[in-house]
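Structural overview for review
Below, each chain spelled out in residue letters.
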There are 2 protein chains.
Amino acid sequence: MTGQPLGIHLIADLDGCTRLDDLSAVEAALRAAVEAAGVHLIGLKLHHFGPGQGVTGVALLAESHISIHTWPERAFAAVDIFVCAGEAQARRGLEALVAHLSPTAQRVTAIPRGPP
Amino acid sequence: MTGQPLGIHLIADLDGCTRLDDLSAVEAALRAAVEAAGVHLIGLKLHHFGPGQGVTGVALLAESHISIHTWPERAFAAVDIFVCAGEAQARRGLEALVAHLSPTAQRVTAIPRGPP
């Protein structure tokens, strides 16, 4: 990519999280990420696989999307934050999500997105 | 990651695509990817930013998600396919999307997802 990328895509694997089977807690985490990133929500869709099971959700943004998929039985959440805005905004969104899910460890990959 | 990953996440930047301002074409590409990957659709959400402008969409899956964001003015589409299924299924989904969007070039990164 020779010019400025269109956006940044953060891929975050979060271990040792709590409340991953709680639909309202996961929704709150997703909404907090949207607000902290300062991006514009187009639509939010969440699905709970059942009592004690995982939650999957995505926030569709004017600036792309934020998603979360949880495995409470492994205390694991897979998050991605793709925003066509500065990397600082994406990082603030991730920090807000992390503050809600309290992981004990995280692995984050940042991928610039856009035409060459 | 010591064990088998929970899933595979393909991050694909597609250049030289056609029909990226066409909501129904983008929806067809997304649905074709879901079908080719053999995954289960929970919900589909698309948004068109206006005539001649981009489309953004996401398919929420029982196996995670597939998203697409388009910039017709740059003939560019950003796709991600995260499926908790085999990498072969994710690749088949991407191939179906590519067949619909006809990029002249693509850059694909594959990221295994899951707890360590």
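Look above for the structure.
Here goes a summary of the coordinates provided. (Residues numbered from 1 in each chain as written. Chains lettered and ligands numbered in written order. Predicted model: local features only at pLDDT ≥ 70, side-chain atom pairs only at ≥ 80, totals over all residues. Heavy atoms only, no water.)

It is worth spelling out the packing of aromatic side chains at this point. Residues and elements named next belong to chain A. A full pass over the atoms with the stated rule returns two aromatic pairs over all chains. Seen from their ring centres, Trp71 and Phe76 are 5.7 Å apart, and the 50° between their planes marks the pair as tilted. Taken individually, Trp71 and Phe76 each receive the classification buried, so the pair is uniform in this respect. Seen from the ring of Phe82, Arg113 lies directly overhead, with NZ or CZ sitting 5.0 Å from the centre. (Phe/Tyr/Trp six-rings, centres within 6.5 Å; stacked < 30°, edge-to-face > 60°. Buried < 20%, exposed > 50% of the residue type's maximum accessible area, 1.4 Å probe, protein only. Lys NZ or Arg CZ within 6 Å of the ring centre and 35° of its normal.)

Turning to the relation of the copies chain A and chain B, a few remarks are in order. Once chain A has been moved 0.0 Å along the axis and rotated by 180°, it coincides with chain B to within an RMSD of 0.0 Å. The transformation relating the two chain copies, once decomposed into turn and shift, fits a two-fold axis. A symmetric contact is evident, with 100% of the interface residues of chain A recurring at the interface of chain B. (Least-squares fit on C-alpha atoms with pLDDT ≥ 70 in both. Contact = heavy atoms within 4.5 Å.)

Residue and element names in this part refer to chain B. Look at Arg19: it is not a glycine, yet its phi comes out positive at around 60°. You can see Arg19 is positioned in the loop between strand S1 (7-15) and helix H1 (23-37). By relative accessible area, Arg19 is classed as exposed at 51%. The phi angle at Ala75 is positive, at roughly 55°, despite the residue not being glycine. (Helix = DSSP H or I, 4+ residues; strand = E, 2+ residues; numbered from the N terminus.)

A separate point is the packing of helix H1 (residues 23-37) of chain A against helix H2 (residues 87-101) of chain A. Residue and element names in this part refer to chain A. Orientation of H1 relative to H2, taken along the N-to-C sense of each, is 150°, at an axis distance of 7 Å. Classified by the angle between their axes, H1 and H2 sit roughly antiparallel to one another. Two packed elements cross with a definite hand, and for H1 against H2 that hand is right-handed. Seen from H1, the contacting residues are Ala28, Ala29, Ala32, Ala33, Ala36 and Ala37; seen from H2, they are Gln89, Arg92, Gly93, Ala96, Leu97, His100 and Leu101. (Axes fitted to C-alpha atoms, helices over the stretch in contact; angles between N-to-C directions. Parallel < 35°, antiparallel > 145°, perpendicular 65-115°, else oblique. Left-handed = near helix turned anticlockwise from the far one by under 90°.)

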